[in-house]
Amino acid sequence: KINIEINGEKIIVPEGITVLEASHELGVKIPTLCHLDLKDLQLYNKTASCRVCMVESIDPRNDNKRLVPSCVTKVYEGMVIKTDSVNAITARRMAVELLLSNHPNECFTCPKNLECELQALAEELNVREIRWEGERMDYPKDVSSDAIVKDANKCIYCRRCETGCNEVQTCGILSGIGRGFDAFVGPAFNMPMVETSCTYCGQCVQVCPTAALTEMFHTDKVWEALNDPDKHVIVQTAPAIRVALGELFGMEAGTIVTGKMVSALKRMGFDGVFDTDFGADLTIMEEASELIYRLENNKTLPILTNCCPAWVKFIEHQFPELIHVPSTCKSPHIMFGTIAKTYYAEKNKLDPDNIVVVSIMPCIAKKAEAKRPELTKDEKNNVDIVVTTRELGAMIKEAGIKFDALPDSEFDSPLGETTGASVIFGTAGGVIEAAVRTAYEWMTGEELEDVEFEQLRGMDGLRKASVLIGDKELKIGIASGLGNARIILEEIREGISEYDAIEIMACPGGCIGGGGQPYHHGNREVIKKRKDAIYDEDRRKKIRKSHENPEIIKLYEEYLGKPFGEKAHKLLHTHFEE
Ligand code: HC1
Ligand code: SF4
């Protein structure tokens, strides 16, 4: 422990910590911009590039003063720090002013308006003028991918996206380009995003403090469809939306807003409001069957879940030789779209060509997934438009709906009944837990009394567990975050994998931490609260196993036949390749 002084207060702090950390211990806030220190997300961005956290350090031996970036300056015995001196405040303000001098003045129309960390800092630091008007960067927007928009002119070179993409996701798409005034972070040679191996996981978007990286917005397409009298427009909402949407309306993270969300969608004019959880229950019917088939017939193990499209792209780009390992099931929202355009269309005497399926997803990669050739080729689009949680929030505001005053409503039926097993898809470990609940009963013929598998839950990005099914010990791996997925895939490639079944989700924490979710602004507690809410919602459900969902049972009886049977195969399974 060492003694230091901050703003005249003497404190004892552990050796080796930074001035920024020491200040936090004292309850003194120093603003930061590039700095991110998210232990659970394994995301440490310590580039010290923005210079917004400058403080004055006074040498006690000679009273010399100098400005230092607090995020990377370590404390030492006797150190004297001023965070609120005129010099420190002026330096911080100037750092922001310089960033703004080369930043488009577009706050009114910027997709990050009121969510931008640079804008917030300008307000917080009382920046009232930008003294240096001059040349600005002028790069065209990259709209090549239909999932992610890159606007280099808004890049402030904090490199948070680069750290997220390269160190957490190990994708290596983003790095510093150019020098000096024109420098920004982007793909090598400033290639269009669509030509890179980007997975569209959106973790770069989630951590970008400005609007240099955002999702491609598709809300206008939804409004157009809703206003077309010839179209029957239905919507499905992913499991992770209901525990995060409320944040966009000032509610605490983890507030469950399922009923209000359904009411809002009904008011917006959708002809049917359904739940992707139904598709998740359907996925479990197929995936648990596939797992049992592979176990009983000595087929390829481990089986890998593949509902996450960013993860599917990752394996295609980085481990093409393992492409036969994932399950062949389509993802839940694509399964839902398929059933909507076949079974639902027939039942309601609708022309599938006139049905528009909109998916509300916490995920940016789902936008690209819905356009994948093997999912659209023979069957046209299963899902026509994908919008993120943030885009739904924007649409609710556009429609003038007072979200917090809405009553609760129920999803429409059929295709609206869901189980606790499907809700937990939204958090890492949930898909495999849902599959185990069903596989257990199917393999043993016994009722599973305690459906909660604590060993499959938690916040760690890489987890190992085993579950006893009769006398068979099922070895399970769970990875969230593509860097963790890489570890698991390398073990499979080397032939040393010990698992029977593996769940992989590209985003740290699973879909609750998706790239399209409300911005967490570096606050990991937000993800934890969403996770706890997902398990609360599961506990509240009367039915907690996918194979007991009465509407799923009916769907197989009336239309699909046997799980993993011929018709189910034709409609609900696929193959993945580039
Ligand atoms: Fe997910 Fe899924 S859980 S992929 O993580 O399998 O996006 O929320 O909708 O499709 O159900 C996402 C979430 C989501 C699918 C399901
Ligand atoms: Fe990297 Fe994911 Fe961003 Fe693509 S979407 S650049 S893979 S972080």
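Our structure's up above, just so we're on the same page.
Residues numbered from 1 in each chain as written. Chains lettered and ligands numbered in written order. Predicted model: local features only at pLDDT ≥ 70, side-chain atom pairs only at ≥ 80, totals over all residues. Heavy atoms only, no water.

1. Quick look at the packing of helix 9 (residues 309-318) against helix 16 (residues 482-493)
Between two packed helices, both the angle of their axes relative to each other and the distance between the axes serve to describe the pair.
Phase 1 of the analysis: At their nearest, the axes of helix 9 and helix 16 sit 11 Å apart, and the two run at 50° to each other. Judged on the interaxial angle alone, helix 16 and helix 9 are oblique. The element helix 9 and its partner helix 16 pack so that their crossing is right-handed. Note on element contacts: helix 16 touches helix 9 through Leu482, Ala485, Arg486, Leu489 and Arg493, opposite Trp311, Phe314, Ile315 and Gln318.
Phase 2 of the analysis: Residue composition of the contact of helix 9 with helix 16, by class: six nonpolar, one polar and two charged. (Axes fitted to C-alpha atoms, helices over the stretch in contact; angles between N-to-C directions. Helix = DSSP H or I, 4+ residues; strand = E, 2+ residues; numbered from the N terminus. Parallel < 35°, antiparallel > 145°, perpendicular 65-115°, else oblique. Left-handed = near helix turned anticlockwise from the far one by under 90°. Contact = heavy atoms within 4.5 Å. Nonpolar A, V, L, I, M, F, W, Y, C, P; charged D, E, K, R; others polar.)

2. Examining the site of ligand 2
Phase 1 of the analysis: Close to ligand 2 lie Ile148, Cys165, Cys171, Ile173, Leu174, Met193, Cys198, Thr199, Tyr200, Cys201, Gly202 and Cys204.
Phase 2 of the analysis: Split by residue class, the shell around ligand 2 holds 10 nonpolar, two polar and no charged. (Near = heavy atom within 4 Å.)

3. Quick look at helix 6 (residues 219-226)
Phase 1 of the analysis: Of the positions making up helix 6, those classed as buried are Thr219, Val222, Trp223, Ala225 and Leu226. An end-on view of helix 6 places all buried positions within 160° of arc, on one side of the element. Exposed side of helix 6, more than 90 degrees from the buried face: Asp220 and Glu224 are the residues found there.
Phase 2 of the analysis: Check the buried side of helix 6 and you find it contacts strand 12 (232-237), helix 7 (258-268), strand 15 (355-361), strand 16 (385-388) and helix 13 (389-398). (Buried < 20%, exposed > 50% of the residue type's maximum accessible area, 1.4 Å probe, protein only. Arc of directions from axis to C-beta.)

4. A word on the environment of isoleucine 364
Phase 1 of the analysis: Within the secondary structure, isoleucine 364 is located in the loop between strand 15 and helix 11 (365-369).
Phase 2 of the analysis: With a relative accessible area of 0%, isoleucine 364 lands in the buried category.
Phase 3 of the analysis: In sequence terms isoleucine 364 and leucine 99 are 265 residues apart; their C-alpha atoms lie 28 Å from each other.
Phase 4 of the analysis: Setting aside anything within four residues of it in sequence, one finds isoleucine 364 in contact with Ala147, Ile148, Tyr200, Gly202, Val205, Glu215, Thr388, Arg390, Gly515 and Gly516.

5. Here's the deal with the pairing of strand 18 (residues 472-480)
Phase 1 of the analysis: As paired strands, strand 17 (residues 462-469) and strand 18 are joined by eight bridges and run antiparallel to one another. Bridge pairing in strand 18 links leucine 462 to alanine 479.
Phase 2 of the analysis: Linking two consecutive strands that pair antiparallel, namely strand 17 and strand 18, is a turn of two residues; a positive phi of about 60° is found at glycine 470 within it.
Phase 3 of the analysis: Of the strand pairs in this sheet, strand 18 and strand 19 (residues 501-505) are connected by five bridges, and their pairing is parallel. If you follow isoleucine 478 over to strand 19, its bridge partner there is glutamate 503.
Phase 4 of the analysis: With respect to chirality, the unit in which strand 18 leads through helix 16 into the neighbouring parallel strand 19 is right-handed. (Pairing = 2+ DSSP bridges. Right-handed = clockwise from strand over helix to strand, strands pointing away.)

6. Description of the state of the cysteines
Phase 1 of the analysis: All chains considered together, the criterion is met by zero disulfides.
Phase 2 of the analysis: Between cysteine 34, a free cysteine, and cysteine 50, which holds the nearest cysteine sulfur, the sulfur-to-sulfur gap is 3.7 Å.
Phase 3 of the analysis: Assessed through its relative accessible area of 1%, cysteine 34 is described here as buried. (Disulfide = S-S within 2.5 Å.)

7. Focus: helix 15 (residues 430-444)
Phase 1 of the analysis: With 15 residues, helix 15 should reach 21 Å at 1.5 Å per residue; the first-to-last C-alpha distance of 21 Å fits that figure.
Phase 2 of the analysis: Within helix 15, burial applies to Gly430, Val431, Ile432, Glu433, Ala434, Ala435, Val436, Arg437, Thr438, Ala439, Tyr440 and Glu441.
Phase 3 of the analysis: Here the buried face of helix 15 lies against helix 8 (276-296), helix 14 (420-423), strand 17, strand 18, strand 19 and helix 17 (524-540).
Phase 4 of the analysis: Backbone geometry just after helix 15 places glycine 445 at a positive phi near 70°. (Expected span 1.5 Å × (residues − 1).)

8. A closer look at a nonpolar patch on the surface
Phase 1 of the analysis: Residues Met94, Leu98 and Trp132 make up a contiguous nonpolar surface patch of roughly 260 Å² in combined accessible area.
Phase 2 of the analysis: As for its placement among the helices and strands, leucine 98 is situated in helix 2 (residues 86-101). (Patch = residues over 30% accessible without salt bridge, like charges linked within 9 Å, V, L, I, M, F, W, Y side chains within 5 Å. Areas by Shrake-Rupley, 256 points an atom, 1.4 Å probe, with all protein chains shown as cover. Salt bridge = Lys/Arg side-chain N within 4 Å of Asp/Glu carboxyl O.)

9. A look at the nonpolar core
Phase 1 of the analysis: In this structure, Ile148, Leu245, Phe270, Trp311 and Val358 are the most contacted members of the largest nonpolar core, which totals 117 residues.
Phase 2 of the analysis: Setting aside anything within four residues of it in sequence, one finds phenylalanine 270 in contact with Val222, Leu226, Val233, Ile234, Val235, Leu265 and Val358.
Phase 3 of the analysis: One finds Ile432, Val436, Tyr440 and Ile478 within the second-largest nonpolar core, a separate group that totals 19 residues. (Core = buried A, V, L, I, M, F, W, Y, C linked by side-chain atoms within 4.5 Å.)

10. Thoughts on the environment of alanine 394
Phase 1 of the analysis: Position of alanine 394 among the secondary structure elements: in helix 13.
Phase 2 of the analysis: Taking the C-alpha atoms as reference, alanine 394 lies 12 Å from leucine 265; in sequence the two are 129 residues apart.

11. Looking at the side chain of aspartate 142
Phase 1 of the analysis: Inspection of the secondary structure assignment puts aspartate 142 in the loop between helix 3 (117-124) and strand 8 (148-150).
Phase 2 of the analysis: Among buried Asp, Glu, Lys and Arg side chains, aspartate 142 stands out as unpaired, with lysine 150 the closest opposite charge at 4.7 Å.
Phase 3 of the analysis: A distance of 2.6 Å separates the side chain of aspartate 142 from the side chain of serine 144, its partner in a polar contact.
Phase 4 of the analysis: From its side chain, aspartate 142 meets the backbone nitrogen of methionine 193 in a polar contact 2.7 Å long. (Lys, Arg positive; Asp, Glu negative; His and termini not counted. Polar contact = N/O pair within 3.5 Å; in protein donor to acceptor, adjacent residues only side chain to side chain.)

12. Points about the site of ligand 1
Phase 1 of the analysis: Among the 16 residues in the neighbourhood of ligand 1, the closest are listed as Ala238, Ala240, His333, Lys366 and Cys511.
Phase 2 of the analysis: Between lysine 366 and ligand 1, the recorded distance is 2.9 Å, taken from a side-chain N or O atom to an oxygen atom.
Phase 3 of the analysis: Counting residues per element, the ones that place at least two in the shell around ligand 1 are helix 8 and helix 10 (332-347).
Phase 4 of the analysis: Tallied by class, the residues present in the shell around ligand 1 amount to 12 nonpolar, three polar and one charged.

13. Points about the sheet that holds strand 15
Phase 1 of the analysis: The strand order 13-12-15-16 describes an open sheet built from four strands, whose pairing is parallel. Both edges of this open sheet fall to strand 13 (272-275) and strand 16, since each of them pairs with a single strand only. Going across the sheet, the axis of each strand differs from the next one's by a mean of 25°, ignoring polarity.
Phase 2 of the analysis: Sheet analysis places strand 15 next to strand 16, joined by four bridges and oriented parallel. Its bridge partner being in strand 16, valine 358 is matched across the sheet by isoleucine 385.
Phase 3 of the analysis: Packing against the sheet, helix 10 makes contact with strand 12, strand 13, strand 15 and strand 16, and its axis sits at approximately 155° to strand 15.

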